Amino acid sequence: MPASRRPASRPIAAVVVVAAALAAGSLTTTAPAHAASGAPAQPPRATSHSARSQSAARLTCAINDTSGCLNNTATSTFTTTTSPADADGSGNSFNAADLTSTAGWQSGKTVTVDGATITLPKFGTGTYDNMLASGQTVTVPSSGAVNTGDAVVFLAFATGAAAKSVSGTITYAKNNCLNFNGDPADQDYSLDTVPDWLSGPSSAASITLVHENHSDNTQTSPSSGPKVYAISVPLACPGSVISSVSLPLFTNGVQTGQPTPHILGLGIRPMTVTGSGSSAQHWVGTWASVQDTDKVQLSDDSTATVNGQTLRIPAHVSIGTDSGDGARIHLSNAMGATPVTFDAASVALQDNTALGATAASAPTTLTFDGSASVTIPAGGDATSDPVTLAVPQQATVLVSLQVHGSVSAMPGHSVARTPVWVSDPANRTSDTAAAHYMQTTYTGLPYLSGIDVTTSTSNPTGSLVLYGDQSVNGDTASADGRHHLSDAITNALVNDPHGDTSVDYGVLNAGTNSNSLLPQITNSPNLLNALNPLDRNVLVQGNVRTVLVSTGAADLLNCTSNANTCATDVEKGLAALKTQLNSYYTDDSQIYINQQPITQNSNITVYLATIPPFTAAHPGTATQEAAREQVNNYLFDNYPGEFIDFAAAVSTDGTTTSSTVKATDLSDGNPSDAYYADLAGRYVNDADSGALIDPPN
């Protein structure tokens, strides 16, 4: 990296170690008061002997076998004599077949959600199948389960209303996560909100089911559908070994109308460092695609289908591999309602001359846990085993997936602006030539969610994730897969006169055409953990160090209130989103004293972008324009050195307050390729000029 673009030292989050113990007293069916922290992150704390003794008397189980901690039955088998279950105190329950047969969440097996592998209980047997949060201790064995990572992911839901400020403790293993005195420092955590299974937001659910069973042997289909959520908790000592997770002390039973959190299971999301010592590989994301639709469409607005065919998907990457030449891919069925099986998969570089579906050489076969095929349940994801593939920066990688059987709807990314090819009904993953492929009219991109490459072991780099709406996704850019904002920023880095033509970090596109990406603030605005879509679209990415947030325009255009109310809602949402992201740590931030990890880490850096002027294709009212200008002034006043002025980059007179986009950046009233290039130029200029407190690296 040239000196002019070498990042400054990352800010270190100070950690204060305090003594604490679990509150004494018996469990209650009414949620007790819980302390809520307003800090961006909850630091580790020392655990007293009395707290450990009290915790030991409660239910205990292992993270990969939670049977000893189960204390409620929330799923039932619907027949003429429905098996007994009571999730909410009124005799209502999930339909077990919806989970097992329809969604593919198999009893007693594992499911990988948001990168964490979670062991499920047995469903529909009439026995306990979930954990009411009542202070159970979930131990993490030294083998047989992931015991170190960057976040704990809970599969959870609430009944009786959303459960808020649900707090517990993470205990690290001996000689892991020490304070500056060398003493063990455990970590308090809080689940800001566990959404209600019926009334909670559908956009945040990991899985939405169809039926609700009732104790009178009847079954209904609620319009919102019963839901299960994935909630991640950032680990303050990423990479440290965890010995146990104490669940919140909240309730010991269900009661109608009382908020009650249920936990189906939990898992630790692995870091982006695999192996150890000389065999360690440091992974970084080089390409990403948001999963935001359950049905990829054709250009005529009909639903795309596939039947035993092979999909060949091009991905225009940012950073290239280091000398280790390692690559791996991520697949997602996050928006799917049923499992999907891939019978074969491969990866190759695109032929630079022939382009299209032609590979430069014979594709490399991909495996998943050693198997050539992989089945991904609804709401789940999968990561391939690493392969050796030298990937140059800005190359186009072809990922080929043979989809098993007939699939009537493919989930994926809805507005991809990327060509996709499909073969005849056969396994064509090993084909180098494009003879058996034809270009589709897909407007979306199915299944493929990310690509990682290896980076330097001695000086690993990270990734910049672009999280936003149409301004990030490039909804109206050229449809060649090379003109999203991520591509424009990569080009700008290569052409930067202050640089050396290299791409020094991954640039990942987490853009979507969603109407709103701002979090729903139902409790404290100081959010400390993430629900979806933020978690699966941003925090699971390969070694994310920096997030650029560009959203809010759609919220303003949909607001019909006065300017101040519209602006304030967006301001609060942006502030909450920034706090939420800032509470997570980078994967390679752990530092050591005397070869022992201590509680000092680097938080993820977050930039907020000003909102560009509305365009002729999506004009705003005078009130909405006033709200836009108010939001931008708010960012100027409250986040110096932490915002990027996208508004000035594309406005007519180059100012934040201009109400029009310059004509050269528009095509038929929509943003053109030049628009995204101007946004990218502003980003790189701000990074070069020192306008940003913490430049990306």
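Structure shown above.
Attention in this report is confined to the structure presented alongside it.

## Description of the overall build of the protein chain
Link 1 in the chain: Summing up its helical and strand segments, the protein chain has 10 helices and 44 strands in all.
Link 2 in the chain: Counting every position in the protein chain, which comprises 697 residues, the buried fraction comes to 58%.
Link 3 in the chain: A fraction of 81% describes how many contacts in the protein chain between residues 6 or more apart in sequence connect residues 24 or more apart.

## What about the pattern of salt bridges?
Link 1 in the chain: Under the counting rule described, the total for this entry stands at eight salt bridges.
Link 2 in the chain: The salt bridge involving Lys 662 is made with Asp 678; its shortest N-O contact spans 3.1 Å. Placement of the pair is Lys 662 in the loop between helix 9 (646–650) and strand 43 (666–667) and Asp 678 in helix 10 (residues 673–689), with a sequence separation of 16 residues.
Link 3 in the chain: Several salt bridges converge on common partners, so that one network encompasses Asp 150, Arg 269 and Asp 535.

## Re helix 8 (residues 622–638)
Link 1 in the chain: An ideal rise of 1.5 Å per residue puts 24 Å on 17 residues; helix 8 measures up with 24 Å between its terminal C-alpha atoms.
Link 2 in the chain: Taken residue by residue, helix 8 has Gln 624, Glu 625, Ala 627, Arg 628, Val 631, Asn 632, Tyr 634 and Leu 635 as its buried positions.
Link 3 in the chain: Buried-residue contacts for helix 8 involve helix 6 (553–558), helix 7 (563–582), strand 41 (605–609), strand 42 (643–644) and helix 9.

## Side note on the pairing of strand 22 (residues 310–316)
Link 1 in the chain: Most of strand 22 is tucked away, with seven of its seven residues classed as buried.
Link 2 in the chain: Burial of strand 22 is two-sided: the residues Thr 310, Arg 312, Pro 314 and His 316 facing one way and the residues Leu 311, Ile 313 and Ala 315 facing the other way are all buried.
Link 3 in the chain: Note: strand 22 against strand 29 (residues 396–403), seven bridges, orientation antiparallel. Within strand 29, the residue paired with His 316 across the bridge is Thr 396.
Link 4 in the chain: In terms of strand pairing, strand 22 meets strand 32 (residues 421–423) through two bridges, oriented antiparallel.

## Focus on the packing of aromatic side chains
Link 1 in the chain: Within this structure, the stated rule accounts for eight aromatic pairs.
Link 2 in the chain: Look at Phe 94 and Trp 197: their rings are 5.0 Å apart centre to centre, the planes differ by 70°, and that puts the pair in the edge-to-face class. Of this pair, Phe 94 sits in strand 5 (residues 92–95) while Trp 197 sits in the loop between strand 12 (186–194) and strand 13 (207–208); the two residues are 103 residues apart in sequence, bridging distant segments of the chain. Both residues of the pair, Phe 94 and Trp 197, count as buried.

## Considerations on the nonpolar core
One recurring pattern in soluble globular proteins: nonpolar side chains tend to sit buried together.
Link 1 in the chain: Counting 70 residues, the largest nonpolar core has Leu 311, Phe 342, Leu 401, Tyr 447, Leu 548 and Tyr 683 as its most contacted members.
Link 2 in the chain: Among the elements that line this core, the one with the most residues is helix 10, at seven residues.
Link 3 in the chain: Look past the residues within four positions of Leu 311 in its chain and what remains in contact with it is Val 306, Val 399, Ser 400, Leu 401, Val 403, Met 410, Trp 421, Val 422, Tyr 437, Tyr 442, Pro 446 and Tyr 447.

## Details of the sheet that holds strand 36 (residues 463–468)
Link 1 in the chain: Pairing is parallel across the open sheet formed by five strands, whose spatial order is 37-36-38-41-42. Sheet topology places strand 37 (506–511) and strand 42 at the edges, where each strand pairs with a single neighbour.
Link 2 in the chain: Relative to strand 37, strand 36 runs parallel, the two being bridged by six bridges. Bridged to Gly 468 within strand 37 is Gly 511.
Link 3 in the chain: Packing of helix 4 (residues 485–494) onto the sheet brings it into contact with strand 36 and strand 37, and relative to strand 37 it is tilted by some 160°.

## Examining the packing of helix 7 against helix 8
Link 1 in the chain: Running from amino to carboxyl end, helix 7 crosses helix 8 at an angle of 40°, the nearest separation of the two axes being 8 Å. The orientation of helix 7 with respect to helix 8, classified from their angle, is oblique. Crossing angle aside, the handedness with which helix 7 passes helix 8 is right-handed. Residues Ala 563, Asn 564, Cys 566, Ala 567, Thr 568, Val 570, Glu 571, Leu 574 and Ala 575 of helix 7 form the contact with helix 8, whose own contacting residues are Thr 623, Ala 626, Ala 627, Gln 630, Val 631, Tyr 634 and Leu 635.
Link 2 in the chain: Grouping the amino acids of the contact of helix 7 with helix 8 by side-chain chemistry returns 11 nonpolar, four polar and one charged.

## Examining the side chain of Thr 251
Link 1 in the chain: Looking at the secondary structure, you find Thr 251 in the loop between strand 17 (242–246) and strand 18 (260–269).
Link 2 in the chain: There is a polar contact of 2.8 Å between the side chain of Thr 251 and the backbone oxygen of Gly 253.

## Brief notes about the pairing of strand 11 (residues 163–172)
Link 1 in the chain: Counting buried positions along strand 11 gives eight out of 10 residues, so the element sits mostly inside the fold.
Link 2 in the chain: Sheet analysis places strand 11 next to strand 12, joined by seven bridges and oriented antiparallel. Each bridged residue has a counterpart across the sheet, and for Ser 167 the counterpart in strand 12 is Ser 190.

## Some details on the sheet that holds strand 4 (residues 75–76)
Link 1 in the chain: In space, the four strands of this open sheet follow the order 4-5-14-15, with mixed pairing throughout. Edge positions in the sheet fall to strand 4 and strand 15 (219–220), since each has one partner strand and no second.
Link 2 in the chain: Pairing of strand 5 with strand 14 (residues 212–214) involves three bridges; the strand directions are antiparallel. Across the sheet, Phe 94 pairs through a bridge with Glu 212, a residue of strand 14.

## Some thoughts on the state of the cysteines
Link 1 in the chain: As enumerated under the stated definition, the model contains three disulfides in all.
Link 2 in the chain: Note on cysteine connectivity: Cys 61 is disulfide-linked to Cys 69, with sulfurs 2.2 Å apart. Sign of the S-S torsion, about -105° for the bond between Cys 61 and Cys 69, identifies this disulfide as left-handed. Of the two residues, Cys 61 and Cys 69, neither departs from the other in class, the shared state being buried.
Link 3 in the chain: Residue Cys 177 pairs covalently with Cys 237 via a disulfide, S to S 2.1 Å. Sign of the S-S torsion, about 60° for the bond between Cys 177 and Cys 237, identifies this disulfide as right-handed. With Cys 177 in the loop between strand 11 and strand 12 and Cys 237 in the loop between strand 16 (227–234) and strand 17, this pair connects stretches of sequence that are 60 residues apart.
Link 4 in the chain: You can call Cys 177 buried: its relative accessible area is 0%.
Link 5 in the chain: What makes Cys 237 buried here is its relative accessible area of 0%.

What counts as what
- Residues numbered from 1 in each chain as written.
- Predicted model: local features only at pLDDT ≥ 70, side-chain atom pairs only at ≥ 80, totals over all residues.
- Heavy atoms only, no water.
- Helix = DSSP H or I, 4+ residues; strand = E, 2+ residues; numbered from the N terminus.
- Buried < 20%, exposed > 50% of the residue type's maximum accessible area, 1.4 Å probe, protein only.
- Contact = heavy atoms within 4.5 Å.
- Salt bridge = Lys/Arg side-chain N within 4 Å of Asp/Glu carboxyl O.
- Expected span 1.5 Å × (residues − 1).
- Pairing = 2+ DSSP bridges.
- Phe/Tyr/Trp six-rings, centres within 6.5 Å; stacked < 30°, edge-to-face > 60°.
- Core = buried A, V, L, I, M, F, W, Y, C linked by side-chain atoms within 4.5 Å.
- Axes fitted to C-alpha atoms, helices over the stretch in contact; angles between N-to-C directions.
- Parallel < 35°, antiparallel > 145°, perpendicular 65-115°, else oblique.
- Left-handed = near helix turned anticlockwise from the far one by under 90°.
- Nonpolar A, V, L, I, M, F, W, Y, C, P; charged D, E, K, R; others polar.
- Polar contact = N/O pair within 3.5 Å; in protein donor to acceptor, adjacent residues only side chain to side chain.
- Disulfide = S-S within 2.5 Å.

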